[in-house]
Amino acid sequence: MQKNIIIYGLIAGIVVSILMLFSVNYISHVEGKVDYNTSLLIGYASMLIAFSLVYIGIRNYRDKYNGGVISFGKAFKTGAMIVLIASTIYVVAWLIDYFFFIPDFMEKFSAQELDKLKASGASQIEIDKQTKEMADFATMYKNPFFNAMMTYVEILPVGLVVTLISSLILKRKSAKK
């Protein structure tokens, strides 16, 4: 089981990290306005693509190593471990990218969000409040531990939902004949 988990976890982690690094670095180096909402959708879509390997990994373990049988609990454990490995690779890739290549990411993101707020006709009090909140968050985000935890919060829930669905679909009490 460990070999199966490691292989699928590494592949999923590499896939999601490459897609994230490509999109984030493209967005960070594009001149002009960036649509962070589209980037967000692309990011979560890439997570779903990568986490399709959770389904494949659980099915592979069930069919090749477990005689075609797997309980919900065993399937969920297998998927969760794949997700944890993939998420950790994603977090490490983000930390390296953020701290070494795009340390101004939060400033650019904050500036665009404030521009959108101003364009929506928000009051100066709202704008000032949001400016302070974003500046406080940007300061906290410079802490690698906080940054890592926020990045885990971004990816782990997606992986766990995929694991839950995959485990429900793939559980099997007896081998098919």
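Residues numbered from 1 in each chain as written. Predicted model: local features only at pLDDT ≥ 70, side-chain atom pairs only at ≥ 80, totals over all residues. Heavy atoms only, no water.

Asker: It is not clear to me how the nonpolar core should be interpreted in this structure. Could you clarify?
Answerer: Here is a general trend for soluble globular proteins: nonpolar side chains tend to be buried in one another's company. Counting residues in hydrophobic clusters, the biggest one holds 33 residues, and the most contacted among them are M47, F51, V54, W94 and F105. Mapped by element, the contributors of at least two residues to this core are α1 (2-29), α2 (36-65), α3 (72-100), α4 (105-119), α5 (124-141) and α6 (144-170). (Core = buried A, V, L, I, M, F, W, Y, C linked by side-chain atoms within 4.5 Å. Buried < 20%, exposed > 50% of the residue type's maximum accessible area, 1.4 Å probe, protein only. Helix = DSSP H or I, 4+ residues; strand = E, 2+ residues; numbered from the N terminus.)

Asker: How should the side chain of D97 be read in this particular structure?
Answerer: Relative to the elements of secondary structure, D97 occurs in helix α3. Look at D97: it is buried, it has no salt bridge, and the nearest opposite charge is K108 at 11 Å. If we ignore the near neighbours within four places in the chain, the residues touching D97 are L21, V24, N25 and I102. (Lys, Arg positive; Asp, Glu negative; His and termini not counted. Salt bridge = Lys/Arg side-chain N within 4 Å of Asp/Glu carboxyl O. Contact = heavy atoms within 4.5 Å.)

Asker: How should the packing of aromatic side chains be read in this particular structure?
Answerer: Here the distance between the centres and the angle between the planes together describe a pair of aromatic rings. Applying the stated rule across the entire model yields 9 aromatic pairs. With a centroid separation of 5.6 Å and 35° between ring planes, the pair formed by W94 and Y98 is classed as tilted. A residue pair is termed a helical-turn pair when its members lie 3 or 4 positions apart in one helix, as W94 and Y98 do in helix α3 at 4 residues. Ring geometry for F105 against F109: centres 6.4 Å apart, planes inclined by 10°, an arrangement best described as stacked. Of this pair, F105 and F109 are both found in helix α4, 4 residues apart, which corresponds to roughly one turn of the helix. Among the residues examined, F105 registers a relative accessible area of 14% and is labelled buried. (Phe/Tyr/Trp six-rings, centres within 6.5 Å; stacked < 30°, edge-to-face > 60°.)

Asker: Looking at this structure, how should I read the pattern of salt bridges?
Answerer: Between side chains of opposite charge, a pair can form when the charged atoms approach closely. Using the criterion set out here, one finds 6 salt bridges in the structure. A salt bridge links D104 to K108; the shortest N-O distance between them is 3.6 Å. Residue D104 is classed as partly exposed on the basis of its relative accessible area of 33%. The closest approach of N and O atoms between D136 and K132, which form a salt bridge, is 2.9 Å. Placement of both D136 and K132 in helix α5 is noted, with a separation of 4 residues, approximately one turn of the helix. The exposure class of K132 is exposed, given its relative accessible area of 52%.

Remember that the coordinates give geometry; whether it matters functionally is a separate question.
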